[in-house]
Amino acid sequence: MADSFVGWSSEIEEVHIYTDGSYDPKEDVSSFAFAVFGWSGSRPKDKSFFLGWLAGVVCTDVNAPQYLSASQHSVGSAEASALMRAHTKWADNYGLLPL
């Protein structure tokens, strides 16, 4: 079993971003979520670090500050919003990591 920690560590070698989006056609609303984990070590003795998460309703209001580009609620806009939010939030909070 791997150890798990919270927060950034200089031991982190990889960052994994897990995303998901969903759509409810009855309510005509879509939502997104993502979680970010850092990993270090080689399996089976690897360590994981929980770095953060965010979830919300997809914004379709072009005048709202959180608007990304979704013109309507759909599963596609939910999945795309999850990916875009994860990457923009990561870049805003932590900057881009060197490859």
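As a reminder, the structure under discussion sits directly above these lines.
Within each chain, residue numbers correspond to sequence positions counted from 1 in written order. Under the rules for a predicted model, residues below a pLDDT of 70 receive no local features and side-chain atom pairs below 80 are neither given nor counted, while totals for whole chains, interfaces and linings still include all residues. Based on all heavy atoms of the structure, the side-chain values leave hydrogens and waters out of the count.

A.B. asks: Which residues make up the side chain of Ser-81, and what values do they have?
C.D. replies: Runs of E in the DSSP output that reach at least two residues are strands. Runs of H or I that reach at least four are helices, and both are numbered from the N terminus. Positionally, Ser-81 belongs in helix 1 (residues 75-94). Throughout this description, a polar contact denotes any pair of N or O atoms lying within 3.5 Å of each other; where both atoms belong to protein, one of them has to be capable of donating a hydrogen while the other can accept it, and for residues adjacent in sequence the pair is counted only when both atoms sit in side chains. In this structure the side chain of Ser-81 is engaged in a polar contact, spanning 2.8 Å, whose partner is the backbone oxygen of Ser-77. Apart from residues no more than four positions distant in its own chain, Ser-81 is found in contact with Phe-32, Val-58 and Leu-68. We call two residues in contact when some of their heavy atoms are within 4.5 Å.

A.B. asks: Which residues make up the pattern of salt bridges, and what are the values?
C.D. replies: A carboxyl oxygen of Asp or Glu within 4 Å of a side-chain nitrogen of Lys or Arg is what we treat as a salt bridge. Counted under the stated rule, the structure contains 1 salt bridge. When the shortest N-O distance is used, the salt bridge between Glu-11 and Lys-47 registers 2.9 Å. Here Glu-11, found in the loop between strand 1 (3-6) and strand 2 (14-24), pairs with Lys-47, found in strand 4 (residues 47-57); they are 36 residues apart in sequence, far enough to count as distant. Exposure classes here rest on a 1.4 Å probe applied to the protein chains alone. A residue is buried below 20% of its type maximum, exposed above 50%, and partly exposed in between. Here Glu-11 falls in the partly exposed class, since its relative accessible area comes to 37%.

A.B. asks: I'd like a rundown of empty space enclosed by the protein, residues and numbers included.
C.D. replies: A 1.4 Å probe that fits but cannot get out identifies a cavity on a 1 Å grid over protein atoms alone, an open set with protein on both sides within 12 Å along at least five of seven lines counts as a pocket, and a residue lines either if it has an atom within 4 Å of a point. Grid points are joined across faces, edges and corners, and a volume is the space filled by probe spheres set on the points. Under the definition given, this model contains 1 cavity of 30 Å³ or more. The calculated volume of the largest cavity comes to roughly 40 Å³. Taken together, Phe-32, Val-57, Val-58, Cys-59, Gln-66, Tyr-67, Leu-68, Ser-69, Ala-70, Ser-81 and Arg-85 form the lining of the largest cavity. Its residues assigned to classes, the lining of the largest cavity comprises 7 nonpolar, 3 polar and 1 charged. Ten residue types, Ala, Val, Leu, Ile, Met, Phe, Trp, Tyr, Cys and Pro, are classed as nonpolar, four, Asp, Glu, Lys and Arg, as charged, and the remainder, Gly among them, as polar.

A.B. asks: Give a description of the pairing of strand 3 (residues 29-40) that names residues and reports values.
C.D. replies: Paired strands, in this sense, are two strands between which DSSP finds at least two bridges. Direction of pairing for strand 2 relative to strand 3: antiparallel, over a ladder of 11 bridges. What sits directly across from Thr-19, in strand 3, is Phe-34. Counting the residues in the hairpin turn of strand 2 and strand 3 gives 4 residues, including Asp-28, whose phi is positive at 50 degrees.

A.B. asks: Now, about the environment of Ala-80: what can you tell me, with residues and values included?
C.D. replies: Secondary-structure assignment places Ala-80 in helix 1. Taking the relative accessible area as the measure of exposure, Ala-80 reaches 31% and is therefore partly exposed. Spatially, the C-alpha atoms of Ala-80 and Ala-70 are 8.5 Å apart, while their sequence positions differ by 10 residues.

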